[in-house]
Amino acid sequence: MSRAHTIGGTAIVLAQGDLTEARTDAIVNAANSGLLGGGGVDGAIHRKGGPEILAECRRLRAEHWPDGLPTGQAVITTAGRLPARYVIHTVGPVYSQKPDVPILLAACHQNSLALAVAHGIRSLAFSAVSTGVYGYPLDEAAPIALGATAAHLHAHPDAHTEVRFVLFNADAYAAFESALATL
Ligand code: AR6
């Protein structure tokens, strides 16, 4: 299953599947501020990508983020043994009714995409950040993720060829499909 929508020179593509198998230049990890692995897609990335990713995350912590990466920000490492070349690690917000929560989820996407531009990354793939362990409802997260991506693509019409959302199950795919239809 896949669906696409084009903004400038970039296709926004929805697909159902496993992010660790994406053959884009970069995949975006739904990390935590410790950057040292965890469950969900983060666990799968470190498990399949191997120790090189963790070693770079440790170095980033030691050199730049001794107190952890703040929510909404993004950093980049190798992708180790994964088919992608890079992993962009971003920290989504834990879902709550606090007013800054949607702003932080949008910032994850904007900062990940800005980092991709800075590294000449033409294609990248996200999962549905914050919608697993962090509890963000899919129908609220999908329009924020896609809206932030669309805003970035309007500002950088030639920076990327593809921004893919790899959704783990049919519910996630349906939520992103509905949100994409309203872009
Ligand atoms: N490919 C694509 N999507 C996936 C995969 C996969 N391999 N595995 C899970 N998902 P989550 P969060 C989906 O929990 O909510 C970790 O412990 C999943 O169904 O991975 O941002 C981190 O270390 C959901 O839709 O990330 C943090 O502590 C989406 O990916 C915390 O969880 C995100 O779920 C981050 O929580």
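Please refer to the structure higher up on the page.
This section reports on the structure supplied with the text. Just so it is clear, the structure is predicted and the values come from calculations on it, not from any experiment.

What counts, and where the lines are drawn
Residues numbered from 1 in each chain as written. Predicted model: local features only at pLDDT ≥ 70, side-chain atom pairs only at ≥ 80, totals over all residues. Heavy atoms only, no water. Helix = DSSP H or I, 4+ residues; strand = E, 2+ residues; numbered from the N terminus. Rg over C-alpha atoms; globule rule 2.2 N^0.38 Å. Contact = heavy atoms within 4.5 Å. Near = heavy atom within 4 Å. Polar contact = N/O pair within 3.5 Å; in protein donor to acceptor, adjacent residues only side chain to side chain. Areas by Shrake-Rupley, 256 points an atom, 1.4 Å probe, with all protein chains shown as cover. Nonpolar A, V, L, I, M, F, W, Y, C, P; charged D, E, K, R; others polar. Core = buried A, V, L, I, M, F, W, Y, C linked by side-chain atoms within 4.5 Å. Buried < 20%, exposed > 50% of the residue type's maximum accessible area, 1.4 Å probe, protein only. Axes fitted to C-alpha atoms, helices over the stretch in contact; angles between N-to-C directions. Parallel < 35°, antiparallel > 145°, perpendicular 65-115°, else oblique. Left-handed = near helix turned anticlockwise from the far one by under 90°.

1. Here we look at the overall build of the protein
Here comes step 1: Within the protein one finds five helices and seven strands.
Here comes step 2: If you list the helices and strands of the protein from N to C, you get β-β-β-α-α-β-β-α-β-α-β-α.
Here comes step 3: The C-alpha atoms of the protein give 15 Å as radius of gyration, which agrees with the globular expectation for 183 residues (16 Å, within 12%).
Here comes step 4: The principal-axis extent of the C-alpha atoms belonging to the protein is close to 40 × 35 × 30 Å.
Here comes step 5: A sequence separation of at least 24 residues applies to 69% of the contacts in the protein between residues at least 6 apart.

2. A short note on the site of the ligand
Here comes step 1: Close to the ligand lie 22 residues, the nearest being Gly 39, Val 41, Asp 42, Thr 131 and Gly 132.
Here comes step 2: Between a nitrogen atom of the ligand and a side-chain N or O atom of Asp 18, the distance comes to 2.9 Å.
Here comes step 3: Relative to its unbound accessible area of 700 Å², the ligand is 90% covered by the protein chains.
Here comes step 4: Of all the elements in the fold, those that place two or more residues in the shell around the ligand are β3 (26–31) and α1 (40–49).
Here comes step 5: Per-element accounting of the shell around the ligand gives the leading share, three residues, to α1.
Here comes step 6: Here the shell around the ligand is built from residues that sort into 10 nonpolar, 10 polar and two charged.

3. Thoughts on the nonpolar core
One recurring pattern in soluble globular proteins is that nonpolar side chains are buried together.
Here comes step 1: Core analysis: the largest hydrophobic core is formed by 29 residues, its most contacted members being Ile 88, Leu 124, Phe 165, Leu 167 and Phe 176.
Here comes step 2: Examining the composition of this core, we find that six residues originate from one element, helix α5 (residues 170–181), more than from any other.
Here comes step 3: Aside from chain neighbours lying at most four places away, what touches Leu 124 is Thr 24, Ala 26, Val 28, Ile 88, Ser 112, Leu 113, Ala 116, His 160, Glu 162, Val 163 and Arg 164.
Here comes step 4: Counting 18 residues, the second-largest nonpolar core is a separate cluster that includes Ile 45, Ala 84, Val 91 and Val 166.

4. Quick notes on the packing of helix α4 (residues 138–155) against α5
Here comes step 1: One way to put it is that α4 packs onto α5 with a least axis distance of 8 Å and a crossing angle of 50°. In terms of axis orientation, α4 runs oblique to α5. The way α4 lies across α5 gives a crossing that is right-handed. Two secondary-structure elements touch here, α4 through Leu 138, Asp 139, Ala 142, Pro 143, Ala 145 and Leu 146 and α5 through Asp 171, Ala 172, Ala 175, Phe 176, Ala 179 and Leu 180.
Here comes step 2: A per-class count over the contact of α4 with α5 returns 10 nonpolar, no polar and two charged.

5. What to know about unusual backbone geometry
Here comes step 1: Here the phi dihedral of Leu 35 falls at roughly 65°; this positive angle occurs in a residue that is not glycine.
Here comes step 2: Tracing the backbone shows Leu 35 in the loop between β3 and α1.
Here comes step 3: By relative accessible area, which is 2% here, Leu 35 ends up buried.
Here comes step 4: Backbone geometry at Ser 130 places phi at a positive 75°, although glycine is not the residue there.
Here comes step 5: Within the element layout of this structure, Ser 130 appears in the loop between β6 (123–126) and α4.

Function cannot be inferred from these measures alone, as they are strictly geometric.
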